[in-house]
Amino acid sequence: MHLKGIVYFCLIMIFGFESILADVTKKSQEINGFKDIAFCESFDSAREKIEKYTATKNIFADRYEGKIQIDYIYLGDIPVRALLFFDHNKKFYGYCVFSLKGRMLDEPELKADIEFFNNVFTTKFGDPVTKNDFNFSDVLSGYITAINSYCSDKFEIFTGIWLSDYHYYVGGYVYVKTMKSEYENFKNVQKKSNINESSKDF
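Conventions used here
Residues numbered from 1 in each chain as written. Predicted model: local features only at pLDDT ≥ 70, side-chain atom pairs only at ≥ 80, totals over all residues. Heavy atoms only, no water. pLDDT = per-residue confidence, 0-100. Helix = DSSP H or I, 4+ residues; strand = E, 2+ residues; numbered from the N terminus. Contact = heavy atoms within 4.5 Å. Core = buried A, V, L, I, M, F, W, Y, C linked by side-chain atoms within 4.5 Å. Buried < 20%, exposed > 50% of the residue type's maximum accessible area, 1.4 Å probe, protein only. Pairing = 2+ DSSP bridges. Lys, Arg positive; Asp, Glu negative; His and termini not counted. Salt bridge = Lys/Arg side-chain N within 4 Å of Asp/Glu carboxyl O.

Asks: Now, about the confidence of the model for the chain: what can you tell me, with residues and values included?
Replies: Do not read the fine detail of predicted coordinates wherever pLDDT is low. Looking at the chain as a whole, its pLDDT mean stands at 86, while 85% of the residues score no less than 70. Per-element confidence in the chain is highest for strand β6 (residues 92-99), whose mean pLDDT is 97, and lowest for helix α1 (residues 3-30), whose mean pLDDT is 43. Within the model, pLDDT remains below 50 along residues 3-29, and this stretch shows five contacts once partners closer than five positions in the same chain are excluded.

Asks: Could you give an account of the nonpolar core, with specific residues and numbers?
Replies: With 46 residues, the main nonpolar core has Phe-34, Leu-84, Tyr-95, Ile-161 and Val-174 as its most contacted residues. Other than its neighbours up to four places away in sequence, Leu-84 contacts Phe-34, Ile-37, Ile-50, Gly-66, Lys-67, Ile-68, Ile-70, Phe-92, Gly-94 and Tyr-95.

Asks: Please provide a residue-by-residue account of the pairing of strand β3 (residues 59-62), values included.
Replies: Bridge analysis of β3 against strand β4 (residues 67-75) gives four bridges, and the strand direction is antiparallel. Looking across to β4, one finds that Ala-61 is bridged to Ile-68.

Asks: How would you sum up the side chain of Asp-87? Please name residues and give values.
Replies: Position of Asp-87 among the secondary structure elements: in the loop between β5 (78-86) and β6. In this structure, Asp-87 is buried with no salt-bridge partner, the nearest side chain bearing the opposite charge being Lys-90 at 7.3 Å.

Asks: Give me the lowdown on the pattern of salt bridges, citing residues and values where you can.
Replies: Taken as a whole and assessed by the stated rule, the structure comprises six salt bridges. For Lys-49, the salt bridge identified is with Glu-41, shortest N-O distance 3.0 Å. Of the residues examined, Lys-49 reaches a relative accessible area of 24% and is grouped as partly exposed. When the shortest N-O distance is used, the salt bridge between Arg-103 and Asp-113 registers 3.0 Å. Separated by ten residues along the polypeptide, Arg-103 in the loop between β6 and α3 (108-125) and Asp-113 in helix α3 bring together distant segments of the chain. For the pair Arg-103 and Asp-113, a shared accessibility class is recorded, and that class is buried. Taken together, the salt bridges that share partners define one network made up of Asp-44, Arg-47 and Arg-63.

The structure is reproduced here in structure tokens:
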């Protein structure tokens, strides 16, 4: 290869890499919260913002449990539910958007729900790094079966499906990894402490 060709090839590689890096950075910058609610925002501030654009009857806020559920919100023109999670400091660390209605296994809308959430998350977060070719028989009540998982150093992002009262629900999750881990550690410590205290009661 001539020197001129080598230089040209190197320039393509350098600028191509920078373009990819810029795209990844852009994707990371887009993950900053849910609507206008930033990660680490307080429970009370988040509830106040939600009440400005959602009817109060559609909001179920439980400060003790650290959850705010919005029963009717739109992704495009599709109505869904949203659930916001808050840690022991009442700081916003994650959310889930999921199907408004549960589906029976034989309902064609179930596959449409899966396709919808996968497409929305892929459009927002890029191509999934893993795809789970699951069987519906593997989906157990009370457990989330991941479908697509997306790449991020700071965030845990995936679409999933779960079973409740013989109905399947589909949705997508976004968590701040460090905040979720710290909260889980806190809950484990609290659980052990409660067990120790309970053992003294007899």
